[in-house]
Structures are given as structure tokens and as C-alpha cells.
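# Descriptive analysis of the structure
Spelled out from the first residue to the last, the chains are:
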Amino acid sequence: MTFRKRIATTLATAALAGAALTAGTGTADATPGASYITQGQNGFQVYCVQVGINWATWSSAHVWPVDGSFGPDTLAQLQQFQHDSGLKADGIVGPDTGDKLWQALQIDISKNNNPQSGYGLPVSSCYDVLPTHG
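Structural notes, computed from the coordinates. None of the values given here were measured: they were computed from a predicted structure.

The rules we used
- Residues numbered from 1 in each chain as written.
- Predicted model: local features only at pLDDT ≥ 70, side-chain atom pairs only at ≥ 80, totals over all residues.
- Heavy atoms only, no water.
- Helix = DSSP H or I, 4+ residues; strand = E, 2+ residues; numbered from the N terminus.
- Contact = heavy atoms within 4.5 Å.
- Areas by Shrake-Rupley, 256 points an atom, 1.4 Å probe, with all protein chains shown as cover.
- Expected span 1.5 Å × (residues − 1).
- Buried < 20%, exposed > 50% of the residue type's maximum accessible area, 1.4 Å probe, protein only.
- Axes fitted to C-alpha atoms, helices over the stretch in contact; angles between N-to-C directions.
- Parallel < 35°, antiparallel > 145°, perpendicular 65-115°, else oblique.
- Nonpolar A, V, L, I, M, F, W, Y, C, P; charged D, E, K, R; others polar.
- Disulfide = S-S within 2.5 Å.

## Re the overall build of the protein
Secondary structure summary: the protein contains four helices and zero strands in total. Ordered by position in the sequence, the α and β elements of the protein form the string α-α-α-α. Partitioning the contacts of the protein with sequence separation of at least 6, the portion at a separation of at least 24 is 67%. Summed over all atoms, the accessible surface of the protein reaches about 6800 Å², with 55% contributed by carbon and sulfur.

In C-alpha cells, the structure reads:
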């Protein structure tokens, strides 16, 4: 198991044991230096963005699919998420947005026992693909 995977597993376990404490600190522990995520991309990193937005806005109805495709619907939802989070609503997932998304994903990890994504990876693996300040 790689160092990064051990850290991701440890973070998931810590989130399960102390989700309230982790959420209260306002910090994120995802990968610094991961590539920005932008419209037109597809794959696991986009899936992570979509699930993060869903968890961040869990009280809202979700009318767009979590399909790993960064199209116009994801762009609109991301820009709304950024606006609501006090971020620049540029539709690009950079470190500031990645920090906020990772915080939301930690809720999913803790509440659902680190569920498997549609890509066969646990949601804690989003740690490896989100750009953050880490």
C-alpha cells in the first residue's frame, strides 16, 4: 500500500471516528498540487466533484446525474456551489474549491462508511484527485 493510500485510509478512518471534529476544523487534507478540474473533463475526478457538491448541498433536490462527465449541468451546479461558499464562481475546481469539496466528501465518507464510487474506488480515493491547499 502506498504512503498516499495509507494516508487516505487513515483519513477515512479518522473521519468515521470523529466526523464532527474534522468538519469543525474547516481544513481539508486532500492532495495539494492535483490538476485543476474543468468543463469537458470526464472520469473519477469529476465524479468526486459531483458527489462533493451533492453532499455540500444535501438539503437541495439534485436534478443532475453523478456521471463523471463535466458538462453544462455540472458547470452550473459548481458555479452555484462556489457562489454559495463565498468562492470565485469561475466553474474551475482549483485548490479553494477543492478544499470545500473535500470537506463535503468527508461527510459522505463518515456517514456511509466510505462507500464505493461508480468507478469501483472508495470515495476516500477522491483524496488523490482533488486539487487543494492541503
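Now that the structure has been shown, we can carry on.
## Remarks on helix H2 (residues 44-56)
Its 13 residues give H2 an end-to-end C-alpha distance of 18 Å, which sits within 8% of 18 Å, the value for a rise of 1.5 Å per residue. With 11 of its 13 residues buried, H2 lies for the most part within the structure. Within the span of H2, buried status applies to Phe-44, Gln-45, Val-46, Tyr-47, Cys-48, Val-49, Gln-50, Val-51, Gly-52, Ile-53 and Asn-54. Elements in contact with the buried residues of H2: helix H3 (72-84) and helix H4 (95-111).

## A word on the packing of H3 against H4
One can describe the packing of H3 onto H4 by two numbers: an axis separation of 11 Å at closest approach and a directional angle of 90°. Judged by the inter-axis angle, H3 sits roughly perpendicular to H4. Along the contact surface, H3 presents Leu-78, Phe-81 and Gln-82, while H4 presents Thr-97, Lys-100 and Leu-101. For the contact of H3 with H4, the class distribution of residues is three nonpolar, two polar and one charged.

## Some remarks on the state of the cysteines
Under the criterion given, the structure shown has one disulfide. The disulfide that involves Cys-48 links it to Cys-126, with 2.0 Å between the sulfurs. Negative torsions about the S-S bond denote left-handed disulfides, and the value of about -85° found for Cys-48 with Cys-126 makes this one left-handed. In this pair, Cys-48 is assigned in helix H2 and Cys-126 in the segment after H4, connecting sequence segments 78 residues apart. As far as the burial class goes, Cys-48 and Cys-126 line up, both buried.

## Description of the environment of Lys-100
Within the element layout of this structure, Lys-100 appears in helix H4. Sequence separation between Lys-100 and Ile-53 is 47 residues, and the spatial gap between their C-alpha atoms is 9.1 Å. Once residues lying within four places of it in the same chain are set aside, the contact partners of Lys-100 are Phe-81, Ser-85 and Leu-87.

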